[in-house]
Amino acid sequence: MNTANKITLIRIAMIPVFLFFFLTDIVPFSSYIALLIFIVAAATDGIDGHIARKYNQITDFGKFIDPLADKILVVSALIGMVYFRQISPVGVIIIIAREFIVTGLRIVAISSGKVIAAAFSGKLKTVTQIVVVVYIMLFAPIWDNFAFLKIISYIGEWAMVAITVYSGAEYMVKNKHLIDYRK
């Protein structure tokens, strides 16, 4: 296994640690520890991609597992935010539905011997989701004192949902040839 894929697997391994700190308050400042872990895990996405391109370590496994790691990390945070009522469950359901659809499309592609690499809109979606998650984790504790911060998060949340929907639609349109409705 190459270095880029190992970094991706480390990102996946960081998710339960992130969730432990995010969902509990056993440790003082656990929400900020969770935020730090989330930022480090999210940063590994750029690092593994850079290493894969620079050292010619791009693999089909990496093309599959890297976006999956991003999805698991972000969706875990979003579900936690629903639990804390920091974000709309409707928006999160829309995001999760998009992730299932695109992942299903990738599975169909793999069964046809093809790999769907991440498109620009998918990368924009991931960056937007990470920025919104970090923003909410950072400012949700002080929303009651500064209402405008909550308004900004609400705008960011629905912008994130819109970009996510657009990205999913683009993947479906560009890859509709992979689905044969006659079979």
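Residues numbered from 1 in each chain as written. Predicted model: local features only at pLDDT ≥ 70, side-chain atom pairs only at ≥ 80, totals over all residues. Heavy atoms only, no water.

**Q** Can you help me understand helix 6 (residues 147-174) in this one?
**A** For the α-helix, the turn length of 3.6 residues means that residues three or four positions removed from each other point alike. Between its first and last C-alpha atoms helix 6 spans 41 Å; for 28 residues at 1.5 Å apiece the expected length is 40 Å, and the two agree. All buried positions along helix 6 are accounted for by L149, S153, G156, E157, M160, V161, T164, S167, G168, E170 and Y171. On its buried face, helix 6 is in contact with helix 3 (60-83), helix 4 (89-111) and helix 5 (120-139). (Helix = DSSP H or I, 4+ residues; strand = E, 2+ residues; numbered from the N terminus. Expected span 1.5 Å × (residues − 1). Buried < 20%, exposed > 50% of the residue type's maximum accessible area, 1.4 Å probe, protein only. Contact = heavy atoms within 4.5 Å.)

**Q** How do you make sense of the environment of Q86 when you look at a structure like this?
**A** With respect to the helices, strands and loops of the structure, Q86 is situated in the loop between helix 3 and helix 4. Take Q86: its relative accessible area is 18%, and that puts it in the buried class. Expressed as a C-alpha distance, the spacing of Q86 and K54, which sit 32 residues apart in the sequence, is 39 Å. Apart from the residues lying within four places of it in its own chain, the contact partners of Q86 are F22, M81, I136, A140 and W143.

**Q** Help me out: how do you make sense of the pattern of salt bridges in this one?
**A** Should the charged atoms of two oppositely charged side chains come close, the side chains can pair. For the coordinates displayed, the defined rule picks out 8 salt bridges. One salt bridge connects R11 with D48, and the closest N-O pair in it is separated by 3.0 Å. Separated by 37 residues along the polypeptide, R11 in helix 1 (residues 3-23) and D48 in helix 2 (residues 30-54) bring together distant segments of the chain. Here the two residues R11 and D48 agree in accessibility, since each one is buried. One salt bridge in this structure joins K174 and E170, with 3.4 Å as the shortest N-O distance. Here the residue K174 and the residue E170 both occupy positions in helix 6, the gap between them amounting to 4 residues, near one helical turn. With relative accessibility at 17%, the residue E170 sits in the buried group. Connected through salt bridges with shared partners, the residues R11, D45, D48, D66 and D70 form a single ionic network. (Salt bridge = Lys/Arg side-chain N within 4 Å of Asp/Glu carboxyl O.)

**Q** Would you take a moment to explain the packing of aromatic side chains for this structure?
**A** Within a pair of aromatic rings, the relevant descriptors are the distance that separates the centres and the angle that separates the planes. Enumeration according to the criterion identifies 8 aromatic pairs in this entry. An angle of 70 degrees between the planes, with centres 5.1 Å apart, marks the rings of Y83 and F84 as edge-to-face. Judged by relative accessible area, which is 60%, Y83 ranks as exposed. With a relative accessible area of 34%, F84 lands in the partly exposed category. Measuring from ring centre to ring centre gives 6.5 Å for Y154 and W158, while their planes differ by 65 degrees; the resulting arrangement is edge-to-face. One end of the pair is Y154 and the other is W158, both in helix 6 and 4 residues apart, which spans about a single turn. On the accessibility criterion, Y154 (52% relative accessible area) is exposed. Here the aromatic residues F18, F22, F38, Y83 and F84 are joined through ring pairs into a cluster of three or more. (Phe/Tyr/Trp six-rings, centres within 6.5 Å; stacked < 30°, edge-to-face > 60°.)

**Q** How should I be thinking about the packing of helix 3 against helix 5 in this particular structure?
**A** Describing two packed helices takes the angle between their axes plus the distance from one axis to the other. Contact geometry for helix 3 and helix 5: axes closest at 10 Å, N-to-C directions at 35 degrees. The chirality of how helix 3 crosses helix 5 is left-handed. Contacts from D70, K71, V74, A77, L78 and M81 in helix 3 reach K125, T126, Q129, I130, V133, I136 and M137 in helix 5. Of the residues assigned to the contact of helix 3 with helix 5, the class counts are 8 nonpolar, 2 polar and 3 charged. (Axes fitted to C-alpha atoms, helices over the stretch in contact; angles between N-to-C directions. Left-handed = near helix turned anticlockwise from the far one by under 90°. Nonpolar A, V, L, I, M, F, W, Y, C, P; charged D, E, K, R; others polar.)

**Q** I'm lost on the packing of helix 3 against helix 4 in this one. Help?
**A** For the pair helix 3 and helix 4, interaxial distance at closest approach is 10 Å and the crossing angle is 165 degrees. When the axes of helix 3 and helix 4 are compared, the pair comes out roughly antiparallel. Once helix 3 is placed against helix 4, the crossing between them reads as left-handed. In contact with F64, P67, K71, V75, L78, I79 and V82 of helix 3, helix 4 contributes P89, V92, I95, I96, R98, E99, V102, T103, R106 and I110. Across the contact of helix 3 with helix 4, the residue classes break down as 12 nonpolar, 1 polar and 4 charged. (Parallel < 35°, antiparallel > 145°, perpendicular 65-115°, else oblique.)

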